[in-house]
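Observations on the model geometry
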Amino acid sequence: DTWRMVRADGTVHWYECSARILRDAQGKAERMVGVNVDIDAYKQLEARVAAQLQFQQVLIDTISIPIVYKDAQGRYLGFNRAYEATFGIRREDYLGKTVLDRDFIEPDQRQLFQDDVQMALQGSEAVHREVDLPYADGQMHHTLFWLHGFLRPDGTPGGAIGTFVDITDRKLAEQGLLR
């Protein structure tokens, strides 16, 4: 078990505690042996990491363009609020899944995006394309899509970060000029 204990000097520390009851030959409890390990530094680090992750999510959520991030296997690790609103999804419904699980995207596009993830993870260049996607408003939107792979500190693929920018209005304006 994990416990917070007040030390003799008044400071509060976290401890991982375990104990065993030693019994005699008849099964009667003779004594208890226990170990308390001070894990306060670990708990402080855990709290700092949690605070950093919370800050990063708030930071990502304040960005007004859709952002998605994936692990080295192409599974969703998270989305920002703009992504959820743009595509009408809830992040908790897709965490741990891949683009192949996205039923509102056509199967051929799902495979194309999955291939893009693999390309981004294997290379140092970003994937960039124009693509039509169904938005939460029920309309197809013409978007610019970027996907950047990133490496872990040891140099192995760590995952990918993707962004979408809606250029539907620009495309319609271009088509109007061509007429």
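Look above for the structure.
Residues numbered from 1 in each chain as written. Predicted model: local features only at pLDDT ≥ 70, side-chain atom pairs only at ≥ 80, totals over all residues. Heavy atoms only, no water.

1. Overview of the sheet that holds strand 2 (residues 12–23)
- Taken together, the three strands give an open sheet; going across it, the order is 1-2-3, and neighbouring strands pair in antiparallel fashion. The sheet is open, and its two edges are formed by strand 1 (2–6) and strand 3 (29–38), each paired on a single side. Averaged over all pairs of adjacent strands, the angle between their axes in this sheet comes to 45 degrees, without regard to strand direction.
- Strand direction decides the pairing type here: strand 2 and strand 3, joined by nine bridges, are antiparallel. What sits directly across from Glu-16, in strand 3, is Val-37. (Pairing = 2+ DSSP bridges. Helix = DSSP H or I, 4+ residues; strand = E, 2+ residues; numbered from the N terminus. Axes fitted to C-alpha atoms, helices over the stretch in contact; angles between N-to-C directions.)

2. Observations regarding the packing of aromatic side chains
- Applying the stated criterion to the full structure yields ten aromatic pairs.
- Seen from their ring centres, Phe-79 and Tyr-83 are 4.8 Å apart, and the 35 degrees between their planes marks the pair as tilted.
- Residue Phe-79 is classed as buried on the basis of its relative accessible area of 0%.
- Residue Tyr-83 is classed as buried on the basis of its relative accessible area, which comes to 3%.
- Pairing Phe-113 with Phe-164 gives two aromatic rings, centres 6.5 Å apart and planes at 80 degrees, and the pair type is edge-to-face. Of this pair, Phe-113 sits in helix 4 (residues 107–122) while Phe-164 sits in strand 8 (residues 157–166), and the two are 51 residues apart along the sequence. Of the two residues, Phe-113 and Phe-164, neither departs from the other in class, the shared state being buried.
- Taken together, the aromatic side chains of Tyr-76, Phe-79, Tyr-83, Phe-87, Tyr-94, Phe-113, Tyr-135, Phe-145 and Phe-164 make up a single cluster linked through ring pairs.
- If you follow Lys-97 out to its NZ or CZ, it ends over the ring of Tyr-94, 6.0 Å from the centre. (Phe/Tyr/Trp six-rings, centres within 6.5 Å; stacked < 30°, edge-to-face > 60°. Buried < 20%, exposed > 50% of the residue type's maximum accessible area, 1.4 Å probe, protein only. Lys NZ or Arg CZ within 6 Å of the ring centre and 35° of its normal.)

All quantities given are derived from atomic positions and should not be read as evidence of function.
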